[in-house]
Amino acid sequence: MCGIVGYTGDKNCVPVIMNGLTALAYRGYDSAGIAVWEGSELVLRKAKGKIDNLKAILEQSPVSGKSGIGHTRWATHGEPSDVNAHPHTDTRKTLAIVHNGIIENYQQIKGMLVKNGCEFVSETDTEVVAQLLGYLYRGNPLTALKQAVALIEGSFALAILFADDPETIYCTCKDSPMVLGHGQNESVVASDIPAILEYTRDVCFMQDRQIAVLRKSGITYYDEFGVEIQKTPTHIDWDVESAKKGNYEHFMMKEICEEPETFRKTFEQYVSTKDFTLKSDRFPWSEEQAKNFDRLTIVSCGTAYHAGMLGKRFIEHMAKLSVDVDIASEFRYNDTMLQSGEPFLVISQSGETADTIAAMRRAKEIGCNTMAVCNVTGSTISREAGSVMYTYAGPEIAVAATKTYLAQIIVMYLCALDLAQKRGAMTAEAVSERLREMSKVPASMQKILDNKEQVQFFASRSFAVKHVFFIGRGLDYALAMEAALKLKEISYIHSEAYAAGELKHGTIALIEDGSLVVALATQPELQAKIASNMEEVRVRGAHVLAVTNGHWEGAKGHSHTQWEIDQMDETLAPLCAIIPMQLLAYYLAVQKGCPVDQPRNLAKSVTVE
Ligand code: F6R
């Protein structure tokens, strides 16, 4: 939440910062701002609304300089407005600061600062840090920063320009991501990798309370006590183009179209495609551990939680291991029966979701064996988990997760197979056969993408619909949860997922003429059951769209529209059937004129509670 970019070096910092903010717009987009040292003057430009508003202001009143900081905001304290937009300064204008996170004790500190003559202009918690730093500053930025960090509570990533040292950027963070880029005659800081990929691939990730001092000549790191430390940069092999929109109208469509490739890349990391065997050392448990597991707990948020729901069904079905799945924000405060030594898995695209991090830390305190499924190398979760299984989706820019969800469910599927083999629930031959089948799924996905106009056409006739219900049984129910979230978050159409058999226990009262019911019916064994549920809503006026695994003649009688995916093993079908669901959400949102990549009120990386 909120994106930070800072640059110091040979170039004019303004285009670098603006490009970076554009790449980070998914983190927040209700206002943006920039602070630049132009000669000896600190120039600020801020604008409410999307980054384009700031760009327009910069076109009218250009500014340039060799060092600067910028910010794109997702409001927490203070409404979105020009004055609440970052950067903020102190009363004496000794510094400018941008901040990601929430300062929890800001009111207490503000009271002390007001008594000492500070005049506040905004409603933000960030200005409190600016004023506090200004108040503590006695000529040494590092000392002031150390003192300030010791006083503030909450989460923060801060980038600061001091008037007395204009070509240097000071940074620190706690529970908020910060990545530092080591370039040639330039240094960059940002909240996430895509903002700096164009300048360097050699990056260091900040750990809590460390301090980084960025100069053109390089970056110096200090621990929280101010002792200099050495950090070795990691080389990021993400392709620059993968963080760009290319010829696509939206990142979301680009990312959906990348799914067959994401599938192959992730699959090949965990499976030897010569003989279709699992690379068993890539999984975080030994055979002995897997055999002794009594239960696995999976915790995550949003789409990643839905990947956990599907993971539970894969693992229970194939590995015969009981799995509990919980939402991180609930898990962290509920009573827990977890015991020391139990396996505990978190799933997170960003690796920075505050609730998921807190849940994982709680499990660590209990003494659990923590593991993570994560897309971002160097993120907090990937650093703190006992072991990590990466998803190989590359950068995902659209706020709505698509290719990363796919990569998560692929990893969950492979975990299920690995556990099944290690626990003796499946033979090596049966696992190999399943992997061979699995390797064919990307071709089936591609067919859906090549025929996406079918979905577009359906959306063009359905976009006025007010309520959409996604129903399914077993694996299809877990998939329905994700399909419903995708639709509501980008199209603002009310949508819910229901276990198909549960409808008649209350929800069916909502069905009326014109309701759209999407029946996910990819599980042949459950077809007769879902057929009854489709019929129950059809006769009450719903338009029923059935998604089937191969041809199912029976679907015709109970639905108005049928979409078929290629016939495949029923456990693999969700991996393919998610694509038409993502496309449906996309096209309905486009038809309604919604800002697909940046839906209202959302941000991609939820780094606050
Ligand atoms: C929805 C979406 C969110 C995230 C959730 C967790 O499309 O992307 O629901 O899944 O905020 O984020 P991560 O996976 O980064 O922990």
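As shown above, the structure is provided for reference.
A short tour of the structure in this document, coming up. (Residues numbered from 1 in each chain as written. Predicted model: local features only at pLDDT ≥ 70, side-chain atom pairs only at ≥ 80, totals over all residues. Heavy atoms only, no water.)

### Section: the overall build of the protein
At step 1: Within the protein, the regular secondary structure consists of 20 helices and 27 strands.
At step 2: Taking the principal axes of the C-alpha coordinates as reference, the protein spans close to 75 × 55 × 45 Å.
At step 3: Within the protein, buried positions represent 60% of all 609 residues.
At step 4: Partitioning the intrachain contacts of the protein with sequence separation of at least 6 by distance along the chain shows that 72% fall at a separation of at least 24.
At step 5: Looking at the protein as shown, the accessible area adds up to about 22800 Å², and 47% of this sits on carbon and sulfur atoms. (Helix = DSSP H or I, 4+ residues; strand = E, 2+ residues; numbered from the N terminus. Buried < 20%, exposed > 50% of the residue type's maximum accessible area, 1.4 Å probe, protein only. Contact = heavy atoms within 4.5 Å. Areas by Shrake-Rupley, 256 points an atom, 1.4 Å probe, with all protein chains shown as cover.)

### Some words on the site of the ligand
At step 1: By nearness alone, 14 residues border the ligand, and Ser348, Gln349, Ser350, Thr353 and Glu489 come closest of all.
At step 2: Ser348 is positioned such that a nitrogen or oxygen atom in its side chain is 2.6 Å from an oxygen atom of the ligand.
At step 3: In the model, an oxygen atom of the ligand is placed 2.7 Å from a nitrogen or oxygen of the Lys486 side chain.
At step 4: Surface burial for the ligand is 90%, taken as the share of its 400 Å² of free accessible area covered by protein chains.
At step 5: Elements with a minimum of two residues in the shell around the ligand: α9 (302–319) and α17 (475–491).
At step 6: Looking at which element gives the most residues to the shell around the ligand, the answer is α9, with 3 residues. (Near = heavy atom within 4 Å. Polar contact = N/O pair within 3.5 Å; in protein donor to acceptor, adjacent residues only side chain to side chain.)

### Details of the packing of aromatic side chains
To describe a pair of aromatic rings, one takes the distance between the centres and the angle between the planes.
At step 1: Inspection of the entire model under this criterion finds 11 aromatic pairs.
At step 2: When the ring of Phe458 is compared with that of Trp563, the centres are 5.4 Å apart and the planes differ by 75°; the resulting orientation is edge-to-face. With Phe458 in helix α16 (residues 453–462) and Trp563 in strand β27 (residues 561–565), the pair connects residues that are 105 residues apart, well separated along the chain.
At step 3: When its relative accessible area of 4% is taken as the criterion, Trp563 is described as buried.
At step 4: One aromatic cluster is present, built from ring pairs that chain together Tyr137, Phe162 and Tyr170.
At step 5: Positioned above the aromatic ring of Phe120, the side-chain terminus of Lys110 is 4.8 Å from the ring centre.
At step 6: The lysine or arginine in question, Arg282, covers the ring of Tyr270, its NZ or CZ lying 4.8 Å from the ring centre. (Phe/Tyr/Trp six-rings, centres within 6.5 Å; stacked < 30°, edge-to-face > 60°. Lys NZ or Arg CZ within 6 Å of the ring centre and 35° of its normal.)

### What about the environment of Ala328?
At step 1: On the secondary structure map, Ala328 appears in helix α10 (residues 328–331).
At step 2: On the basis of relative accessible area, Ala328 is assigned to the buried category, the value being 0%.
At step 3: Along the primary structure Ala328 and Ser300 are separated by 28 residues, whereas in three dimensions their C-alpha atoms are 5.0 Å apart.

### Some details on the pairing of strand β6 (residues 95–103)
At step 1: Among the 9 residues that make up β6, 9 are buried, leaving the element largely enclosed by the rest of the structure.
At step 2: Bridge count for strand β5 (residues 88–89) against β6 is 2 bridges, and the pairing is antiparallel. Of the residues in β6, the one forming a bridge with His88 is Ile97.
At step 3: Counted along the chain from β5 to the antiparallel partner β6, the turn is 5 residues long, and its residue Lys93 has a positive phi close to 60°.
At step 4: Pairing analysis gives 9 bridges linking β6 to strand β7 (residues 154–162), with the strands arranged antiparallel. Note on β7: the bridge partner recorded for Gly101 is Phe156. (Pairing = 2+ DSSP bridges.)

### Notes on the side chain of Thr391
At step 1: Secondary-structure assignment places Thr391 in the loop between β22 (387–390) and α13 (403–422).
At step 2: Thr391 has contacts with Thr266, Val373, Cys374, Asn375, Ala407, Gln408 and Val411, leaving out every residue within four places of it along the chain.

### Description of the pairing of strand β2 (residues 31–38)
At step 1: Burial of β2 is extensive: 7 of the 8 residues sit out of reach of the surface.
At step 2: As defined by bridge partners, β2 adjoins strand β3 (residues 41–48) across 8 bridges and the pair is classed as antiparallel. Note that in β3 the partner of Gly33 across the bridge is Lys46.
At step 3: For β2 and strand β4 (residues 67–73), the ladder comprises 6 bridges, and the chain directions are antiparallel. Opposite Ser31, over in β4, you have Arg73 as the bridge partner.

### Let's talk about empty space enclosed by the protein
At step 1: Under the criterion given, the structure shown has 2 cavities of 30 Å³ or more.
At step 2: Considering only enclosed or pocket space, the largest cavity measures out at about 230 Å³ in volume.
At step 3: In terms of lining, the largest cavity is formed by 28 residues, of which the most central are Ser191, Asp192, Ser350, Glu352 and Val376.
At step 4: In terms of residue class, the lining of the largest cavity is built from 12 nonpolar, 8 polar and 8 charged.
At step 5: Roughly 60 Å³ of internal volume is contained in the second largest cavity.
At step 6: Lining the second largest cavity we find Cys2, Arg73, Trp74, Thr76, His77, His86, His99, Gly101, Thr124, Asp125 and Thr126.
At step 7: At the level of elements, β6 and α4 (125–136) are the ones that each hand at least two residues to the lining of the second largest cavity. (1 Å grid on protein atoms, 1.4 Å probe; cavity = no way out; pocket = protein on both sides within 12 Å on 5 of 7 lines; lining within 4 Å. Points joined across faces, edges and corners; volume = space filled by probe spheres on them. Nonpolar A, V, L, I, M, F, W, Y, C, P; charged D, E, K, R; others polar.)

### Focus: the nonpolar core
At step 1: Counting residues in hydrophobic clusters, the biggest one holds 136 residues, and the most contacted among them are Leu414, Leu435, Met438 and Leu575.
At step 2: A total of 14 residues in this core trace back to one element, the largest contributor, which is helix α20 (residues 573–591).
At step 3: The residues touching Leu575, leaving out its near neighbours within four places in the chain, are Phe263, Phe314, Leu406, Ile409, Ile410, Tyr413, Met438, Val441 and Met445.
At step 4: The next biggest cluster of nonpolar side chains, apart from the first, holds 29 residues, and it includes Phe120, Leu132, Ala144 and Ile160. (Core = buried A, V, L, I, M, F, W, Y, C linked by side-chain atoms within 4.5 Å.)

### Overview of the sheet that holds β2
Hydrogen bonds between backbone atoms are what pair the strands of a sheet, whose relative direction is either parallel or antiparallel.
At step 1: Read across the open sheet, the 8 strands follow the order β3-β2-β4-β1-β10-β9-β11-β15; overall the sheet is antiparallel. Edge strands, defined here as strands with exactly one partner in the open sheet, are β3 and β15 (234–235).
At step 2: Here strand β1 (residues 3–9) pairs with strand β10 (residues 186–190) via 5 bridges, running antiparallel. Bridged to Thr8 within β10 is Ser187.

### Quick word on the sheet that holds strand β14 (residues 228–229)
At step 1: Here we have 7 strands laid out as an open sheet, ordered β5-β6-β7-β8-β12-β13-β14, and antiparallel in their pairing. The open sheet terminates on both sides in strands that have one partner only, identified here as β5 and β14.
At step 2: When β7 meets strand β8 (residues 169–174), the two strands line up antiparallel, connected through 6 bridges. Paired with Leu161 across the bridge in β8 is Ile169.

### Considerations on helix α7 (residues 259–270)
At step 1: Spanning 12 residues, α7 covers 17 Å between terminal C-alpha atoms, matching the ideal 16 Å at 1.5 Å per step.
At step 2: Where α7 is concerned, the buried positions are Glu259, Pro260, Thr262, Phe263, Thr266, Phe267 and Tyr270. Take α7 and look down its axis: the buried residues cluster within an arc of 155°, on one side only. (Expected span 1.5 Å × (residues − 1). Arc of directions from axis to C-beta.)

### A look at the packing of α16 against α20
At step 1: In contact at an axis separation of 9 Å, α16 and α20 are set at 45° when each is read in the N-to-C sense. By the angle between their axes, α16 is oblique relative to α20. The handedness of the crossing between α16 and α20 is right-handed. Facing Val455, Gln456, Phe458, Ala459, Ser460 and Ser462 of α16, the residues of α20 in contact are Pro580, Leu583, Leu584, Tyr587, Leu588 and Gln591.
At step 2: For the contact of α16 with α20, the class distribution of residues is 8 nonpolar, 4 polar and no charged. (Axes fitted to C-alpha atoms, helices over the stretch in contact; angles between N-to-C directions. Parallel < 35°, antiparallel > 145°, perpendicular 65-115°, else oblique. Left-handed = near helix turned anticlockwise from the far one by under 90°.)

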